[in-house]
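# Architecture and fold: a report
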Amino acid sequence: MVYDALVIGNGIAGSCTALFLARQGKSVCLVTKASSLDETNTARAQGGIVFRGERDTTDLLLADILRASSFSSCRKSARILARLGPVLVQRFLIEELHVPFERKKEGTWDLFQEGAHSLRRILHVKDYTGKAIQERLNEAVLKERNITLFPRTFALELITSLHLADFAFRYKPPECFGAYVLRGNEVIPIFARATVLATGGLNAIFRHSSGGPWCTGDGFALAWRAQATLVNMEYIQFHPTLLYSPGEPYAFLISEAVRGEGAVLLDREGKPFLEHFHPLGNLAPRDVVARAIFQTMKEEGTSHVFLDLSPLGAEKIRTAFPEIFEELRRRGFDVTREPVPVVPGAHFACGGVLSDSWGRTTVRRLYAVGEVACTGVHGTNRLASTSLLEGLVFAFRAARSIVSSEPPLAPPPLLPFPEQVGEPPEEHILMELRRVIQETMWEYVGLEREKAGLFRALDCLLEVKQNVLNLQQRHGVSAPLRELENMVDTALLVTRAALQNPLSFSTPLIRSGRAPSSPGGSQDGRS
């Protein structure tokens, strides 16, 4: 099978890339390992997407992005996001897809305020913005004739020079020709003039995380094995307020927008504490809030702090945050009257596959967009509600680059796929190895890190990696086992990156390092 583009992942980044290409007349194969198109982190996004507030400007948004990142963002990429983002939200999400963002009675946009933003500029659909966007994207994808959709299809490996029968390709710069995918029990090579990684994040490698179980770092591992450059992998953003749910592997996220509207974090005595850590208090940047909660928990010897939504008033909670209200009520909490226990959890990978402002990676014909990519927009810490915007903006730019610059591809002769397909090991074996990865990462590579702990994590993860390789030798390749391998490969990438970086700023905190006041803005040398 040969396409103009192979897109792996169907969240906002992948779906938008596929749609932008298809509407230029290009043939697109859209692959997702999920059985449902709603199994994305886009669909789980509560708070909203950055738009344009009253008296807002590109420079003001850019300044907020840079300040939230401790001025570690790539200024070029951040400026592109600040300039182009609101335009694409208006033209594509509002005017074309008709996403039903909230309006006030007089017809103006009902904009949320979120931490580290200098004004109200967050468009939302109550507290299920991502779900509303994903639904409209799914409808558009299913209607588009130029998109061939492969659900329940697992990307095993990118096809690169190492997989070709002609050894002459091995002596040229790395190039991607598509991917081997697993459909049922069959390995299928899909060729494309451009391959786009839009696989989302990695937070499932941690014990406490906000994403779904599908966030296993697949794209990071695929890119690494294809010899692409990855950067800033040590910078994982931890969301401050996940519902404390001991025994549950994936916690319910409580949007930062509730604090933007007046909710307050409390210690075990019921007293506000964020004002001791930052002048913005409950509107401080995520990294500050997450570390403040973590430090407060350590000092008090508790497993969580509390989030009090009652200052919003019962009517505001029910109307502005209906899904949060109902989910917490289902779990036995009346948030109109009592605070709820919360804990920080792994939320977003600020680093990833190095890509320029057009989504191009260091491997020819390979693109990366969305959370799996590192355009430099977020630096070491992401500004709230810029993730959906980044997926939209760089999907648009990647599609433009593919249409204008990628030449057609004649499928080259392939070597046989080196592994036999088999049945996965017993579920309890996979779950135990998964648990070891998550516990190791949370304990040693979480919000606070020490060099000795990072070395312990490395030893433990290498042992898990060997166990996975032994299982593959015994059972053959399968989607669950390759997904587990992706988890441990990604965990190793994060751990090694943390060991190589002696400095600490933004998130997370390396206790043995010293934080510089400002790392400065990096520059994207490519166009």
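What counts and how
- Residues numbered from 1 in each chain as written.
- Predicted model: local features only at pLDDT ≥ 70, side-chain atom pairs only at ≥ 80, totals over all residues.
- Heavy atoms only, no water.
- Helix = DSSP H or I, 4+ residues; strand = E, 2+ residues; numbered from the N terminus.
- Rg over C-alpha atoms; globule rule 2.2 N^0.38 Å.
- Buried < 20%, exposed > 50% of the residue type's maximum accessible area, 1.4 Å probe, protein only.
- Lys, Arg positive; Asp, Glu negative; His and termini not counted.
- Charge placed at Lys NZ, Arg CZ, Asp CG, Glu CD.
- Pairing = 2+ DSSP bridges.
- Right-handed = clockwise from strand over helix to strand, strands pointing away.
- pLDDT = per-residue confidence, 0-100.
- Contact = heavy atoms within 4.5 Å.
- 1 Å grid on protein atoms, 1.4 Å probe; cavity = no way out; pocket = protein on both sides within 12 Å on 5 of 7 lines; lining within 4 Å.
- Points joined across faces, edges and corners; volume = space filled by probe spheres on them.
- Nonpolar A, V, L, I, M, F, W, Y, C, P; charged D, E, K, R; others polar.
- Phe/Tyr/Trp six-rings, centres within 6.5 Å; stacked < 30°, edge-to-face > 60°.
- Polar contact = N/O pair within 3.5 Å; in protein donor to acceptor, adjacent residues only side chain to side chain.
- Axes fitted to C-alpha atoms, helices over the stretch in contact; angles between N-to-C directions.
- Parallel < 35°, antiparallel > 145°, perpendicular 65-115°, else oblique.
- Left-handed = near helix turned anticlockwise from the far one by under 90°.
- Core = buried A, V, L, I, M, F, W, Y, C linked by side-chain atoms within 4.5 Å.

### A few points about the overall build of the protein
- A tally of helices and strands in the protein yields 14 helices and 18 strands.
- In terms of overall dimensions, the protein is globule-like: its C-alpha atoms have a radius of gyration of 22 Å, near the 24 Å expected for 527 residues.
- Expressed as lengths along the three principal axes of its C-alpha atoms, the size of the protein is roughly 65 × 50 × 45 Å.
- Residues counted as buried form 61% of the 527 residues belonging to the protein.
- Put simply, the protein has 59 plus and 58 minus side-chain charges, and the middle of one group is 5 Å from the middle of the other.

### As for the pairing of strand β1 (residues 2-8)
- The element β1 is extensively covered by neighbouring structure, given that five of its seven residues are classed as buried.
- In this structure, β1 lies alongside strand β8 (residues 186-197), joined through six bridges in parallel fashion. The residue bridging leucine 6 from the neighbouring strand is threonine 195, located in β8.
- Pairing of β1 with strand β2 (residues 28-31), which is carried by four bridges, proceeds in the parallel orientation. Bridge pairing in β2 links valine 7 to leucine 30.
- Regarding topology, helix α1 (residues 12-22) serves as the crossover connection from β1 to the parallel β2, and that connection is right-handed.

### Some thoughts on the confidence of the model for the protein
- Mean pLDDT over the protein stands at 92; residues scoring 70 or higher make up 95%.
- Across residues 512-527 the pLDDT falls below 50, and counting only partners more than four positions away or on other chains, this stretch makes 44 contacts in the model.

### A word on empty space enclosed by the protein
- One pass over the structure, following the stated rule, counts one cavity of 30 Å³ or more.
- Taken as a whole, the largest cavity holds about 40 Å³ of empty space.
- In terms of lining residues, the largest cavity is bounded by Ala68, Gly115, Ala116, Glu256, Ala284, Pro285, Arg286, Asn381, Arg382, Leu383 and Ala384.
- In the lining of the largest cavity, the residues fall into six nonpolar, two polar and three charged.

### Some points on the packing of aromatic side chains
- With the rule as written, the count across this model stands at nine aromatic pairs.
- Between phenylalanine 169 and phenylalanine 177, the aromatic rings sit 5.7 Å apart at their centres with planes inclined by 85°, giving edge-to-face as the arrangement.
- Taking the relative accessible area as the measure of exposure, phenylalanine 177 reaches 2% and is therefore buried.
- Judged by centre distance (6.4 Å) and plane angle (85°), the rings of phenylalanine 273 and phenylalanine 277 are edge-to-face.
- With relative accessibility at 4%, the residue phenylalanine 273 sits in the buried group.
- Take phenylalanine 277: its relative accessible area is 31%, and that puts it in the partly exposed class.

### Notes on the side chain of threonine 361
- Its place among the elements puts threonine 361 in the loop between β14 (352-354) and β15 (366-368).
- In terms of polar contacts, threonine 361 uses its side chain to reach the backbone amide nitrogen of valine 363, at 3.1 Å.
- Within the local environment of threonine 361, its side chain forms a polar contact with the backbone oxygen of leucine 366, the two atoms lying 2.8 Å apart.

### Focus on the packing of helix α12 (residues 427-444) against helix α13 (residues 451-475)
- In contact at an axis separation of 9 Å, α12 and α13 are set at 165° when each is read in the N-to-C sense. Comparing their axes, α13 and α12 come out roughly antiparallel. The two elements α12 and α13 meet at a crossing, and its hand is left-handed. Mapping the contact onto sequence places Ile429, Leu433, Val436, Ile437, Thr440, Met441 and Tyr444 in α12 and Gly453, Leu454, Arg456, Ala457, Cys460, Leu461, Val464, Asn467, Val468 and Leu471 in α13.

### With respect to the nonpolar core
- Within the largest apolar cluster, 91 residues are counted, with the highest numbers of intra-cluster contacts made by Leu93 and Phe101.
- Broken down by element, this core gets its largest block of residues, 10 residues, from helix α4 (residues 75-94).
- Beyond its immediate sequence surroundings of up to four residues, phenylalanine 101 is in contact with Ile49, Leu93, Ile94, Trp109, Leu123, His124, Val125, Thr129 and Ile133.

### Topic: the sheet that holds strand β12 (residues 305-308)
- The four strands lie next to each other as β10-β13-β12-β11, forming an open sheet whose pairing is antiparallel. If you trace the sheet from one side to the other, it starts and ends with β10 (236-243) and β11 (264-266), each paired once. The average undirected angle you get between the axes of adjacent strands in this sheet is 45°.
- Where β10 and strand β13 (residues 340-349) come together, six bridges link them in antiparallel fashion. Paired with glutamine 237 across the two strands is phenylalanine 348, which belongs to β13.

### Here's the deal with the environment of glutamate 419
- By the secondary structure assignment, glutamate 419 is in the loop between α11 (387-405) and α12.
- With relative accessibility at 26%, the residue glutamate 419 sits in the partly exposed group.
- Note: C-alpha distance between glutamate 419 and phenylalanine 252 (167 residues apart in sequence) is 38 Å.
- Every residue in contact with glutamate 419, bar those within four places of it in the chain, is listed here: Gln472, Val477 and Arg482.
- Within the structure, glutamate 419 has its side chain in polar contact with the side chain of arginine 482 (distance 2.5 Å).

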